[in-house]
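Single-letter residue listing:
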Amino acid sequence: LTLNKMTVTQAATNDFSQSHAVDQLAANKTNQTLAYASALCNDASLNGEKEIGDPTEIALIPFAQKLGFNQSNLKKEFPRLFEQPFDSDRKRMTTLHKIDGQLTVFTKGATDEMLPLCTHIMTDNGVRKITPQDKKQIAHLSHQMQADALRVLGFATKIVDNLPEANADLENNLTFIGIVGMIDPPRKEVAASVKTCREAGIRTIMITGDHKLTAVAIAKELDIFRDGDLAMTGEELDAISQDDLNQKVDQYSVFARVSPEHKMRIVNAWQKKGKIVAMTGDGVNDAPALKAADIGCAMGRAGTDVAK
C-alpha cells in the first residue's frame with residue numbers, strides 16, 4: 001500500500017511537548033546520543049545508492065548523517081559487541097558498543113513497548129529519573145505523530161559494567177533518549193486500485209505491523225477506512241475467541257500490530273463468513289496466510305521465496 005521508502009521527518013528529545021523537523025534539531029549531547037543509537041542499533045547499511053536492509057532502518061542512516069554522524073565511521077569506531085535481535089513479539093532490538101571506554105547499550109523499538117523499560121530520561125542538563133508525567137507526555141506526542149501517519153520509534157540507552165553472557169536480557173533500567181517519526185507515503189496508484197476493487201464488490205482490509213493510529217491515518221487516506229469502520233490491534237485479537245472474531249470480523253477494516261498467527265485468524269474468519277479471500281504479501285511472515293487464503297498473491301519482484 002505504501003512506497004516502502006521511509007524518510008525521518010520529525011524527532012523529539014528533551015522537551016516532548018512537540019516534535020521538530022530534522023533540520024531544526026540542535027547540536028547537543030542528547031541529539032548526538034540519538035544519532036549514535038539510530039546508526040549503531042541498526043542492521044541496515046547504505047553504500048552510495050545501494051540500500052541493504054529494512055526500509056525503517058535505512059531511513060535512520062541519513063537521519064544520523066543530518067545530525068553530523070556517518071554510520072560507516074561509527075560502526076568501525078564502535079563495533080557491535082552484543083545484540084538482542086529484533087523480534088515481532090518484543091517489537092524492539094538492542095545492541096552493545098564500547099564508547100569512550102564505557103560499555104554502552106542502545107535499544108530502539110515501538111515507543112509504547114520502550115517506556116515501561118525506562119527508569120531514567122536523558123536531558124541536556126544530565127540524566128534524571130523519569131516521571132509518570134514524562135511518560136505520559138512522550139506517549140501523547142507519539143500518538144499525535146502516529147495520527148499524522150508517521151511511524152514512530154523510541155530510543156533508549158544505558159551503561160553496563162561487563163559484557164553480558166549469551167541470552168542475557170539488557171532491556172531493563174533504560175534511559176529514554178527520544179523519538180523519531182518517519183513517513184512512508186502511500187503509493188499514488190493505490191487509492192485508484194482500492195476504488196476499482198470497491199466498484200467490483202471487493203472489500204479491501206489493511207493488515208499491518210504499524211501502530212493502530214498510523215494504520216488508520218493511512219487507511220483513511222486510501223479510503224479503506226470509512227465512517228463506522230473499526231480497527232483492532234494484535235493485542236485485542238489475542239483477547240477474543242475465534243468464534244467472536246468470526247462473527248465480528250466484517251466490522252473491522254484495519255488490523256494493526258499483528259503477528260503471522262493473527263493474519264491466519266483474520267483470513268479464516270472471513271472464510272467462515274463464506275467469503276472468498278485474496279491475501280497479498282511478500283514476507284516470510286505472510287506465507288502461512290497466503291497459503292490459507294483462497295487466492296494467495298505473492299509480490300513477485302520483492303517477495304521472499306517462501307512467500308512465492
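Look above for the structure.
For the structure given in this document, a descriptive report is provided here. (Residues numbered from 1 in each chain as written. Predicted model: local features only at pLDDT ≥ 70, side-chain atom pairs only at ≥ 80, totals over all residues. Heavy atoms only, no water.)

### Here we look at the layout of surface pockets
Logical step 1: Approximately 380 Å³ is the volume found for the second largest pocket.
Logical step 2: Looking at the second largest pocket, it is lined by 20 residues, and the ones nearest its centre are Gln102, Thr104, Met122, Thr157 and Ile159.
Logical step 3: Listing elements by their share of the lining of the second largest pocket, those giving two or more residues are α1 (29-40), β7 (102-109), β8 (118-123), β10 (150-160) and β11 (174-183).
Logical step 4: Looking at the lining of the second largest pocket, its residues break down into eight nonpolar, nine polar and three charged. (1 Å grid on protein atoms, 1.4 Å probe; cavity = no way out; pocket = protein on both sides within 12 Å on 5 of 7 lines; lining within 4 Å. Points joined across faces, edges and corners; volume = space filled by probe spheres on them. Helix = DSSP H or I, 4+ residues; strand = E, 2+ residues; numbered from the N terminus. Nonpolar A, V, L, I, M, F, W, Y, C, P; charged D, E, K, R; others polar.)

### Section: the nonpolar core
Logical step 1: With 29 residues, the main nonpolar core has Val8, Tyr36, Phe63, Phe106, Phe155, Val180 and Met182 as its most contacted residues.
Logical step 2: Those elements that place two or more of their residues in this core are β1 (7-13), α1, α2 (55-66), β6 (92-99), β10 and β11.
Logical step 3: In terms of residues, this core owes the most to one element, α1, which gives six residues.
Logical step 4: Sequence-distant contacts of Val180, that is, excluding residues within four places in its chain, are made with Val8, Gln10, Ala11, Leu34, Leu60, Phe63, Met145, Arg151, Val152, Leu153 and Phe155. (Core = buried A, V, L, I, M, F, W, Y, C linked by side-chain atoms within 4.5 Å. Buried < 20%, exposed > 50% of the residue type's maximum accessible area, 1.4 Å probe, protein only. Contact = heavy atoms within 4.5 Å.)

### Some words on helix α5 (residues 132-147)
An α-helix turns once per 3.6 residues; consequently, residues spaced three or four apart project the same way.
Logical step 1: Its 16 residues place the ends of α5 22 Å apart at the C-alpha level, agreeing with the 22 Å of an ideal helix rising 1.5 Å per residue.
Logical step 2: Turning to α5, its buried residues number three or more, namely Asp134, Ile138, Leu141, Ser142, Met145 and Gln146. Buried residues of α5, seen end-on, are gathered within an arc of 140 degrees and therefore sit on one face of the element. Opposite the buried face of α5, at more than 90 degrees from it, the exposed residues are Pro132, Gln133 and Lys136. (Expected span 1.5 Å × (residues − 1). Arc of directions from axis to C-beta.)

### Description of the sheet that holds strand β14 (residues 252-256)
Logical step 1: Reading across the sheet, the three strands line up as β12-β14-β13 and stay open at both edges, with parallel pairing between neighbours. Both outer strands of the open sheet, β12 (206-207) and β13 (230-233), are each paired with one neighbouring strand and no more.
Logical step 2: Note that β12 and β14 share two bridges and pair parallel. Counted as the bridge partner of Met206 is Val254 from β14.
Logical step 3: Taken strand by strand, helix α7 (residues 212-221) contacts β12, β13 and β14, and its axis lies near 140 degrees from that of β14. (Pairing = 2+ DSSP bridges. Axes fitted to C-alpha atoms, helices over the stretch in contact; angles between N-to-C directions.)

### Comments concerning empty space enclosed by the protein
Logical step 1: With the rule as written, the count across this model stands at one cavity of 30 Å³ or more.
Logical step 2: Its volume calculated, the largest cavity comes out at about 40 Å³.
Logical step 3: Surrounding the largest cavity, Thr111, Asp112, Ala139, Ser142, His143, Gln146 and His211 form its lining.
Logical step 4: Elements with a contribution of two residues or more to the lining of the largest cavity: α4 (111-114) and α5.

### Overview of the packing of α1 against α2
Logical step 1: Interaxial distance between α1 and α2 falls to 8 Å at its minimum, and their mutual angle equals 145 degrees. Crossing of α1 over α2 shows left-handed handedness. Of the residues in α2, those in contact with Leu34, Ala35, Ser38 and Ala39 of α1 are Leu60, Phe63 and Ala64.
Logical step 2: For the contact of α1 with α2, a count of residues per class yields six nonpolar, one polar and no charged. (Left-handed = near helix turned anticlockwise from the far one by under 90°.)

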